[in-house]
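As a plain string of letters, each chain reads:
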Amino acid sequence: MEKTTILDLQRMKDEGQKITMLTAYDYPTARILDSCGVDILLVGDSVGNVILGEANTLPVSVEAMIHHTKAVVKASESSLVVIDMPFMSYQISIEDAKRNAGRMMKETGVEAVKLEGGAGMEDTIRAITDIDIPVMAHIGLTPQSIHRMGGYRVQGKEDKQREKLLTDALSVERAGAFSVVLEAIPSKLGEEITKRLKIPTIGIGAGVRCDGQVLVINDLLGLSGEFRPKFVKKYVNLEEIISKSVKEYISEVRSEAFPGDEHSFH
Ligand code: KIV
């Protein structure tokens, strides 16, 4: 099976074909998503809050990202794999950003890295793409800036913020990003940015007019408990299915209905 490339993603935008992206953090999930034909698997730093029980993405280390990404890369035959650069792995200096991006690519086998930030990250994105590491940008609600934003809030509602986001989008494109995630912004702004940019936009809470969509896999599968922002669509309630199965198992072990004859050696 052929691997999706960043050139395929550009062609998809140019031909009006929608791009699908989902997060993945482990081998079995990545294997299923890859076999379903998802275009991009993102090993998000959301691994912190989604998988590791952290309050937010800030504590996630480069080592944790590499650990999870190695498993996802092993499972992906056709999906392009993108690794998130975690908090403080690219903000200190451009040299540091290049070193960490290179290390993350070299040790995992991913095809691209993702980092958060707009105009302020233009030089960093340019420096990483200049050493041939494809960069996906991420603007709008950027979870690593949670304390500056005062929480997970929709961005770009006011004119000034809207203008700033347009500038951010144009900056990351100019810097050489091959794609940009637009998170939690009004749909009209998502559409405007998508029309203004040549590179594909991938939306999460940015409306249907983006070139593609991304969701956190645990949210889509109903494995995120009560957490449900407006932009999440829960396609199945796996938490309910898992609980039912585990309760059945407990009951059968206690009643000696399991293991039955068919699960025993003779
Ligand atoms: O870390 C993540 O999962 C992300 C997506 C929400 C885009 O950045």
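Keep in mind that this is a model prediction, so the values were computed, not measured.

Draft legend 1. Inspection of the domain arrangement of the protein at higher detail. Per the domain assignment, the segments making up the protein are domain 1 (6–235) and domain 2 (237–266). Of note, the centres of domain 1 and domain 2, computed from C-alpha atoms alone, are 39 Å apart. Between domain 1 and domain 2, the contact holds six residues from the first and four residues from the second. Taking both sides of the interface into account, the surface hidden between domain 1 and domain 2 amounts to around 390 Å²; carbon and sulfur atoms contribute 56%. Inspection of the region where domain 1 meets domain 2 yields zero salt bridges. Taken together, the connections running from domain 1 to domain 2 amount to three residue pairs in polar contact (both at pLDDT 80 or more).

Draft legend 2. Spatial organisation of unusual backbone geometry. Omega for the bond connecting phenylalanine 258 with proline 259 falls within 30 degrees of zero, at 0°, which places this linkage in the cis form. With a phi close to 75°, methionine 88 is a non-glycine residue in the positive phi region. Along the chain, methionine 88 turns up in the loop between strand 3 (80–84) and helix 5 (94–108). You can call methionine 88 partly exposed: its relative accessible area is 40%.

Draft legend 3. Main features of the side chain of glutamate 116. With respect to the helices and strands, glutamate 116 occurs in strand 4 (residues 112–116). Among buried charged residues, glutamate 116 stands out as having no salt bridge; its nearest opposite-charge side chain is lysine 114, 4.8 Å away. At 2.9 Å, the side chain of glutamate 116 and the backbone nitrogen of glutamine 144 are in polar contact. Apart from residues no more than four positions distant in its own chain, glutamate 116 is found in contact with Asp45, Tyr90, Met121, His138, Thr142, Pro143, Gln144 and Ser145.

Draft legend 4. The arrangement of the layout of surface pockets in detail. Looking at the largest pocket, its volume works out to about 600 Å³. The wall of the largest pocket is formed by 33 residues, among which Asn49, Glu183, Val216, Phe227 and Phe231 lie closest to the centre. Of the residues belonging to the lining of the largest pocket, the class tally is 18 nonpolar, eight polar and seven charged.

Draft legend 5. Inspection of the nonpolar core at higher detail. Ile125 and Ile128 are the most contacted members of the largest nonpolar core, which totals 53 residues. Sorting elements by how many residues they give to this core places helix 4 (residues 62–75) first, with seven residues. Judged by nonpolar contacts, the second largest core, of 15 residues, contains Met21, Met136, Ile204 and Val214.

Draft legend 6. Molecular detail of the site of the ligand. Neighbouring residues of the ligand: Thr23, Leu42, Gly44, Asp45, Ser46, Asp84, Lys114, His138, Ile204 and Val216. Here an oxygen atom of the ligand and a side-chain polar atom of aspartate 45 are 3.0 Å apart. Serine 46 is positioned such that a nitrogen or oxygen atom in its side chain is 2.5 Å from an oxygen atom of the ligand. According to the grid-proximity analysis, the pocket containing the ligand is the largest pocket.

Draft legend 7. Structural detail: the sheet that holds strand 8 (residues 212–215). What the eight strands build is a closed barrel, ordered 1-2-3-4-5-6-7-8; its pairing is parallel. The sheet shows a mean angle of 25° between the axes of neighbouring strands, taken without regard to direction. Of the pairings in the sheet, the one linking strand 1 (residues 19–23) to strand 8 comprises four bridges and is parallel in character. Residue pairing across strands places leucine 22 opposite leucine 215, the latter belonging to strand 8.

Draft legend 8. Fine view of the pairing of strand 3. In terms of burial, strand 3 is a largely internal element, five of the five residues being buried. Burial of the side chains of strand 3 extends over both faces: Leu80, Val82 and Asp84 are buried on one face and Val81 and Ile83 on the other. Relative to strand 3, strand 2 (residues 40–43) is paired through four bridges, and the arrangement is parallel. Across the sheet, residue leucine 41 finds its bridge partner in strand 3, namely valine 81. For the segment spanning strand 3, helix 5 and strand 4, crossover handedness is right-handed.

Draft legend 9. The arrangement of the packing of helix 8 (residues 159–175) against helix 9 (residues 187–196) in detail. Two elements in contact, helix 8 and helix 9, have axes whose closest approach is 10 Å; the angle formed by their N-to-C orientations is 30°. One way to sum up the angle between helix 8 and helix 9 is to call them roughly parallel. In this structure, the crossing between helix 8 and helix 9 has a hand that is right-handed. In contact with Arg162, Leu165, Leu166, Ala169 and Leu170 of helix 8, helix 9 contributes Leu189, Glu192, Ile193 and Arg196.

Cut-off values and rules
- Residues numbered from 1 in each chain as written.
- Predicted model: local features only at pLDDT ≥ 70, side-chain atom pairs only at ≥ 80, totals over all residues.
- Heavy atoms only, no water.
- Domains from an automatic or database assignment.
- Contact = heavy atoms within 4.5 Å.
- Buried area = accessible area lost by both parts, 1.4 Å probe.
- Salt bridge = Lys/Arg side-chain N within 4 Å of Asp/Glu carboxyl O.
- Polar contact = N/O pair within 3.5 Å; in protein donor to acceptor, adjacent residues only side chain to side chain.
- Helix = DSSP H or I, 4+ residues; strand = E, 2+ residues; numbered from the N terminus.
- Buried < 20%, exposed > 50% of the residue type's maximum accessible area, 1.4 Å probe, protein only.
- Lys, Arg positive; Asp, Glu negative; His and termini not counted.
- 1 Å grid on protein atoms, 1.4 Å probe; cavity = no way out; pocket = protein on both sides within 12 Å on 5 of 7 lines; lining within 4 Å.
- Points joined across faces, edges and corners; volume = space filled by probe spheres on them.
- Nonpolar A, V, L, I, M, F, W, Y, C, P; charged D, E, K, R; others polar.
- Core = buried A, V, L, I, M, F, W, Y, C linked by side-chain atoms within 4.5 Å.
- Near = heavy atom within 4 Å.
- Sits in = over half its atoms within 2 Å of the grid points.
- Pairing = 2+ DSSP bridges.
- Axes fitted to C-alpha atoms, helices over the stretch in contact; angles between N-to-C directions.
- Right-handed = clockwise from strand over helix to strand, strands pointing away.
- Parallel < 35°, antiparallel > 145°, perpendicular 65-115°, else oblique.
- Left-handed = near helix turned anticlockwise from the far one by under 90°.

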